[in-house]
Every structure is written in structure tokens, then in C-alpha cells.
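# A closer look at the structure
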Amino acid sequence: MAMRSKHGIEILDKLLADGEKLAPEDKLFTYKGILYPLAVCKLENFQALETFGARMDDVILVGYPKTGTNWLETMLSGLEIRAGKYTEEEKERRKAIGEELSVPSRLEFGNPDAFKRMTKLPSRRIIVTHLPPHLLPKSIFKSKAKILVLTRNPKDTVVSYFHFNNNFPGFPNATWDAYFTDFMNGQVCWGSYFDHVSEWDKYIDDENVMGICYEELKEDLHSGLQKIAKFFGFSLTEEEIKSVAEKGSFKAMKQKSAETHGAFGDVLFRKGSVGDWKSLFSESQNQEMDRRFEECLAKSKLGAKMKYEVYCKI
Ligand SMILES: Nc1ncnc2c1ncn2[C@@H]1O[C@H](COP(=O)(O)OS(=O)(=O)O)[C@@H](OP(=O)(O)O)[C@H]1O
């Protein structure tokens, strides 16, 4: 998937264009108490999601928005392709099916038919979502498919989300202070970051669930990919993992973004760093976030992985 098809880029372009057309007050809708951007998801799609049939060998990636889902999706795709040891012919066949089906890049994106087309995709499918567990189709849990839960520290996540919010036409613009308050209150698209991480933390000891965080991938992408390959049972040589990791640097992915994400890439690949929160947080916002982290996440396994003391303190 590193190289999205022309059709895939057309879909991303359409998200941008649809967002432009909506008046600020019409850009968002609420489903089960959580906000979503209308240019990206439809209410009917959420209602239809319950019929989604997961497969035991699905590779499922979950990440709250701006935690690095596009990065890890590309890395997973690279690992899967190499582990599958597909012939060039099979790779072409898979690419052609993907183009024909115009698979949405997230389970909940697109129209109600979009995810149904995934049923035609050959195994192993890579399925990516920003949703919390209670909104995912039950078949995902019944199937025992392996789920990789991606997290990122909340300070960098909210800063990344704020910039995306003001550059992606599907979201209504906001000032930093207003956006920070909305984020802390869960009044942003895909809901509360804190609820999302806490909810997924309840599954973290299940044998088919593994947590990984943006910061550990930034520290050492190769080791992160080794852990991920082991978890999914991908049989890969060190050389193969190395070749995937080389394509995963922020610089490499940004350089290719026009091919992989079209105009959307300009909005998506921003800084790709740890610690950019320092550019926007006020002292009181810093203290508020520290208190909230302590209350909600410090004692959780996913929270511990973020190394908050290292990356989120001055
Ligand atoms: N290769 C690589 N290395 C490091 N960081 C990367 C990489 N690719 C994307 N990114 C950064 O991930 C942030 C976007 O997160 P998502 O892909 O989850 O965004 S989205 O919610 O799906 O739109 C966004 O973070 P910020 O730069 O902080 O805004 C991207 O720049």
C-alpha cells in the first residue's frame, strides 16, 4: 500500500474537496456521543459496520487520529508483502483488486458500501481504524484476529491534531486554546483520546492484542518492526525488516507523499517528531495535561509505554 493507486489518491482528493464544500456548522456529526467529520464518514456507515466479517488472519491496526497510523500502515504493508513472499504476479493481482475495489483507507471511512468491498480482498487483509473497541464490529473480537494498538503521547497528539484540524477542510477551524479545551473534553473527531487509550488498555493483556507507541518507533524503528513481525507471525529476515524500516523514515515518506497520498500528503506529513508540543503548550495547559495523564493513564500499560516522564516533561 505504500504506493496508493491513482484511484486511492482520487479518494483522498475527494475528501479534501468534500470538506471544502461544507459550511463550518455542517462539517461534523455525532454518532453514539462521538464527533466525526462528514466529509470522511457517514452515519449509515457506522450503522452498517456491524455486518463486517473479520477473518482470523486479518492484520488489524488501531490508532487514535494523529498517532502515526499512516506510518504504521505503510510499515505493516511492507512487512506483510515481504512475509507473504508473493510473486510479482501475485503482487500485481492484489494491487489490481485493491484499485478495482477502491478500498477506503480506514474501516469507518467512505460510504456504507466501502468496507463491504473488503470482503473481496484476499487474505491477509490489513484493516486500519481510529475507533475505540466498543464501536468496532463484534466479529473482530470473535475472530481472534491480531490487533496492534498504536498510541502516541497526548501532548504531541493534540498538537498534531490541531494543525491537521486547521489544514484539513473537513474540520471547522479553531484557535489553539479552543482546540486544546475541546481535546481535553473529548469534543474532537473520534472522541476522547483518554477514553480511547483507557478502553484499549483493558484488552492489552489479551494474547491477540499488542501495544506499540509512536515514541518507541521513533527511537528504534527496526526493533519496533521486529516486535510487530513476531506478534503477527511474519517470517522475515533481518535484511527484509531493514529494507522496510529504511522506507519508514519521516524524510523518505514525506518525499514520496505526492505519490502515496496526493495533495493530502501536504497536510499529513507535517513534522514527524517527538516534543513539538513545546511550541504551543502554555504553562497552565502543561499542568492540566500532566494532571489528566496522572489521573487517567499513568497507571495503565499503554500509558507506561509512552515514557511520559521522558518525553512530556520540560
Ligand atoms: N514516517 C514517519 N515518521 C514519523 N512520523 C510520521 C511518519 N509519517 C507520518 N508521521 C506523522 O504522524 C502524524 C499523523 O498521524 P496519522 O497518520 O495517525 O494521522 S491521521 O489521523 O490518520 O490523519 C503526523 O505527525 P505530526 O508531524 O506531529 O503532525 C505525521 O507527520
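The rules behind each value
- Within every chain, residues take consecutive numbers counted from 1 along the sequence as written.
- Only residues with pLDDT of at least 70 are given local features in this predicted model, and only at 80 or more are side-chain atom pairs given and counted; all residues enter the totals for whole chains, interfaces and linings.
- Processing note: side-chain calculations cover all non-hydrogen atoms of the structure and skip hydrogens and water entirely.
- UniProt positions are given in the numbering used here, feature names are shortened, and annotations may be inferred rather than shown by experiment.
- By definition, any uninterrupted DSSP run of H or I lasting at least four residues is a helix, any uninterrupted run of E lasting at least two residues is a strand, and each is numbered from the N terminus.
- Taken over C-alpha atoms, the radius of gyration is set against a globule rule of 2.2 Å times the number of residues to the power 0.38.
- Accessibility here uses a 1.4 Å probe with only protein chains present; expressed as a share of the type maximum, an area under 20% marks a residue as buried, one over 50% as exposed, and anything in between as partly exposed.
- Should any heavy atoms of two residues lie within 4.5 Å, those residues are counted as being in contact.
- Working definition of accessibility: Shrake-Rupley area with a 1.4 Å probe, residue cover restricted to the visible protein chains.
- Neighbouring residues are identified by heavy atoms, a residue being near a molecule or strand if any of them is within 4 Å of it.
- Between N or O atoms, a polar contact is any pair within 3.5 Å; within protein, one atom must be a potential hydrogen donor and the other a potential acceptor, and residues adjacent in sequence are included only when both atoms are from side chains.
- Classes in brief: Ala, Val, Leu, Ile, Met, Phe, Trp, Tyr, Cys and Pro nonpolar; Asp, Glu, Lys and Arg charged; the others, Gly included, polar.
- One requirement defines pairing of two strands: DSSP has to find at least two bridges between them.
- Interaxial angle, 0 to 180 degrees, is taken between N-to-C directions of lines fitted to C-alpha atoms, where a helix line uses only the stretch in contact.
- Two cysteine sulfur atoms form a disulfide, by the criterion used here, when they sit within 2.5 Å.

As recorded in an unreviewed UniProt entry, the protein chain goes by Sulfotransferase and comes from Podarcis muralis. The Sequence similarities (unreviewed entry) comment attached to the protein chain in UniProt states, word for word, "Belongs to the sulfotransferase 1 family."

## Topic: the overall build of the protein chain
Of the regular secondary structure elements, the protein chain holds 17 helices and six strands. What you see for the protein chain is a C-alpha radius of gyration of 19 Å, in line with the 20 Å of a compact globule of 314 residues. Per-residue burial over the protein chain gives 56% buried out of 314 residues. Within the protein chain, contacts between residues separated by at least 24 positions form 74% of all contacts whose residues are at least 6 apart in sequence. Element-wise, carbon and sulfur atoms account for 53% of the exposed surface of the protein chain, whose accessible area totals about 14100 Å².

## Remarks on the environment of Gly224
The topology assignment puts Gly224 in helix H10 (residues 221-232). It is 36 Å that separates the C-alpha atoms of Gly224 and Ala17, two residues lying 207 residues apart in sequence. Apart from residues lying up to four places away in sequence, Gly224 is in contact with Ile212 and Leu217.

## Some remarks on the site of the ligand
Neighbouring the ligand are 21 residues, the closest being Thr69, Ser160, Tyr214, Lys271 and Gly272. Between the ligand and Gly272 there is a distance of 2.7 Å, counted from an oxygen atom to a backbone nitrogen or oxygen. The fraction of the free accessible surface of the ligand (650 Å²) that becomes covered by protein chains is 97%. Its residues assigned to classes, the shell around the ligand shows seven nonpolar, nine polar and five charged.

## Remarks on the sheet that holds strand E5 (residues 146-151)
If you trace the four strands from one edge of the open sheet to the other, you get E4-E3-E5-E6, paired in parallel fashion. The strands lining the two open edges of the sheet, one partner per strand, are strand E4 (126-129) and strand E6 (209-213). Each neighbouring strand pair of the sheet contributes to a mean axis angle of 20 degrees, computed without reference to strand direction. Seen against the sheet, helix H3 (residues 69-84) touches strand E3 (59-63), E4, E5 and E6 and runs at an angle of roughly 165 degrees to E3.

## Observations concerning the state of the cysteines
What the rule picks out here adds up to zero disulfides. Here Cys213 stays unpaired: no disulfide links it, and the sulfur of Cys312, its closest cysteine neighbor, is 10 Å away.

## Notes on the pairing of E5
Extensive coverage of E5 is indicated by the burial of five of its six residues. When E3 meets E5, the two strands line up parallel, connected through five bridges. Bridging from a neighbouring strand, Val62 pairs with Val149 of E5. Bridge count for E5 against E6 is five bridges, and the pairing is parallel. Across the sheet, Leu148 pairs through a bridge with Met210, a residue of E6.

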